[in-house]
Amino acid sequence: MLRSDATFSAAEPMNGEGPAARSRDRSPPVSGGPAEREYRHRFTAMASPNEVVVAGVSAEVAAAACAAAEAEVRRIEHKYSRYRADSVISTINARAGRGGVAVDAETAQLLDFAAELHRQSDGLFDITSGCLRRAWDFKAGREPSPDTLAVVLARVGWHRVQWDGRAIALPHQGMEIDLGGIGKEYAADRAVATLQALGLRHGFVNLGGDLRVLGPRPDGMPWSFAVQHPRREREVCGRIALRTGALATSGDYERFFITPDGRRCCHILDPRTGQPVRHWQAVSVVAPLCIAAGALATMAMLIGAQAPRRLSTPGVGFLLVDAGGQVQTHDPDQLLHPSSSS
């Protein structure tokens, strides 16, 4: 749920299958030379509306660079999407209960990172918990029975996974892994690395509201992003000005339903109980890398009230919206700027 005050890329809460986005240009026309211009490239991937913004180069250089950044995002989607039968993730999951799968260095780094997140979150960040979606029907708005949930929970747990740094095995049939909690954010980081390798220094990559900044505007000024309130459509709850680093948000608004007794059941599920989180409506995190910001945002949703204290580290700021809709910040480095209106 972010929008750039320069390019207005807004991912807004929807009662549907995923974050939806509106985009419109709020910038005044620019008539100066290449160093003054901003170029936008919009595309859809990873079930999200995405945008690459670059500045300070010619139109030809910008077009080629944006195409390369998009290609890198699509490469990662192809490699790690659980929706593709030929992806690394699908290959691993298809072998559940039947032996291990050797992985390449890139995949090994992601699995090592997931293992570390599992350790730091006391097991709450768990890439094996994706199979809980089989128990919850968010389209129909149905909660699982205790018996159904118990069957699925028996297949959840990174501690069950056999991982030696080179090969991974899911020992029980029906187990699976899902990099959905870090995959899009990793793609944003890789897209920026692609732009950097091509010599670009100004712009940002926004993948469905999770973004990584390449560098400041050509004049050295930061890019300004507004975080929309998860319940109040026309209200901005914070503005973040970034010259570098990343911003990611996790919340209870992407896939959810309301039970007859008024409880909100969202898609972020506690892997220990299989139940939806309820403490925060949304958490936005500023961090040096998008993969770190995204992981911390999800971990904060799962950890609840103690998240800001437990996850605080230099260079990281949290903007949180609690269950009552009140905005809080945990921002020792003064990275965030709360606001009550747009």
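Residues numbered from 1 in each chain as written. Predicted model: local features only at pLDDT ≥ 70, side-chain atom pairs only at ≥ 80, totals over all residues. Heavy atoms only, no water.

Sorry if this is basic, but what is going on with the sheet that holds strand E7 (residues 162-163) here?
What the three strands build is an open sheet, ordered E6-E8-E7; its pairing is antiparallel. For this open sheet the edge positions go to strand E6 (101-102) and E7, each flanked by a neighbour on one side alone. One ladder, built from two bridges, connects E6 with strand E8 (residues 167-169); its direction is antiparallel. For Ala102, the partnering residue across the bridge sits in E8 and is Ala167. (Pairing = 2+ DSSP bridges. Helix = DSSP H or I, 4+ residues; strand = E, 2+ residues; numbered from the N terminus.)

It is not clear to me how the packing of helix H1 (residues 59-80) against helix H3 (residues 105-120) should be interpreted in this structure. Could you clarify?
When two helices pack together, their arrangement is given by the angle between the helix axes and by the axis-to-axis distance. The geometry of H1 relative to H3 is characterised by a closest axis approach of 12 Å and an angle of 75° between their N-to-C directions. By the angle between their directions, the pair H1 and H3 is classed as roughly perpendicular. On the side of H1, the interface is formed by Arg75, Lys79 and Tyr80, while H3 contributes Glu106, Thr107 and Leu110. (Axes fitted to C-alpha atoms, helices over the stretch in contact; angles between N-to-C directions. Parallel < 35°, antiparallel > 145°, perpendicular 65-115°, else oblique. Contact = heavy atoms within 4.5 Å.)

What should I look at first to understand the pairing of strand E10 (residues 210-215) in this one?
On a regular strand, one side chain projects to one face of the sheet and the next to the other, so that they alternate. Taking burial as the measure, the six residues of E10 include six buried ones, the bulk of the element. Alignment of strand E9 (residues 203-207) against E10, held across five bridges, turns out to be antiparallel. Its bridge partner lying in E10, Val205 is registered against Arg212. Counting the residues in the hairpin turn of E9 and E10 gives two residues, including Gly208, whose phi is positive at 60°. Here E10 pairs with strand E13 (residues 245-251) via three bridges, running antiparallel. Within E13, the residue paired with Val213 across the bridge is Gly245. (Buried < 20%, exposed > 50% of the residue type's maximum accessible area, 1.4 Å probe, protein only.)

Is there a simple way to explain the packing of H1 against helix H5 (residues 183-197) in this structure?
Interhelical geometry of H1 versus H5 gives an angle of 150° and a closest axis separation of 8 Å. Regarding H1 and H5, the two cross each other, and that crossing is right-handed. Only Gly183, Tyr186, Ala187, Arg190, Ala191, Thr194 and Leu195 of H5 make contact with H1, whose side of the interface consists of Ala65, Cys66, Ala68, Ala69, Glu72, Val73, Arg75 and Ile76. (Left-handed = near helix turned anticlockwise from the far one by under 90°.)

Whenever I open this one, the pattern of salt bridges confuses me. Can you help?
Oppositely charged side chains are able to pair whenever their charged atoms sit close together. Within this structure, the stated rule accounts for 24 salt bridges. Residues Asp86 and Arg84 are paired through a salt bridge, measuring 3.3 Å at the closest nitrogen-oxygen approach. Measuring nitrogen to oxygen at the nearest pair gives 3.1 Å for the salt bridge that ties Arg263 to Asp261. The class for Arg263 is partly exposed, based on a relative accessible area of 29%. Taken together, the salt bridges that share partners define one network made up of Glu72, Arg75, Lys79, Asp104, Glu106 and Arg190. (Salt bridge = Lys/Arg side-chain N within 4 Å of Asp/Glu carboxyl O.)

How should I be thinking about the packing of aromatic side chains in this particular structure?
Any aromatic ring pair is given by two values, namely how distant the centres are and how the planes are angled relative to each other. Overall, the coordinates contain five aromatic pairs when judged by the stated rule. Between Phe204 and Trp223, the ring centres sit 5.2 Å apart and the planes meet at 75°, which makes this aromatic pair edge-to-face. With Phe204 in strand E9 and Trp223 in strand E11 (residues 223-228), this pair connects stretches of sequence that are 19 residues apart. Neither Phe204 nor Trp223 differs from the other in exposure class; each is buried. Taken together, the aromatic side chains of Trp136, Phe138 and Phe257 make up a single cluster linked through ring pairs. Across the ring face of Phe256, the terminal group of Arg264 is positioned such that the distance to the ring centre comes to 4.0 Å. (Phe/Tyr/Trp six-rings, centres within 6.5 Å; stacked < 30°, edge-to-face > 60°. Lys NZ or Arg CZ within 6 Å of the ring centre and 35° of its normal.)

What's the story with the sheet that holds strand E16 (residues 280-287) in this structure? I'm lost.
By definition, the strands of a sheet pair up through backbone hydrogen bonds, in either a parallel or an antiparallel sense. Pairing is antiparallel across the open sheet formed by eight strands, whose spatial order is E4-E5-E9-E10-E13-E16-E17-E18. On the outer flanks of this sheet lie strand E4 (38-45) and strand E18 (327-330), each paired with one strand and no other. Averaged over all pairs of adjacent strands, the angle between strand axes in this sheet comes to 10°, irrespective of strand direction. Looking at chain direction, E16 and strand E17 (residues 317-322) are connected through six bridges and run antiparallel.

Looking at this model, I keep getting lost on the nonpolar core. Mind explaining?
Most often, soluble globular proteins have nonpolar side chains that are buried together. Among the nonpolar cores identified, the biggest contains 72 residues, and Val54, Ile168, Leu195, Val285 and Phe318 are the most heavily contacted of them. Of the residues forming this core, the biggest block, 11 residues, is contributed by helix H6 (residues 290-303). Not counting the four nearest positions on each side in its chain, Val285 is found in contact with Ala246, Leu247, Ala248, Ala293, Leu296, Ala297, Val316, Gly317 and Phe318. Formed by 16 residues, the second largest nonpolar core is a distinct cluster that contains Val53, Ala55, Trp223 and Val227. (Core = buried A, V, L, I, M, F, W, Y, C linked by side-chain atoms within 4.5 Å.)

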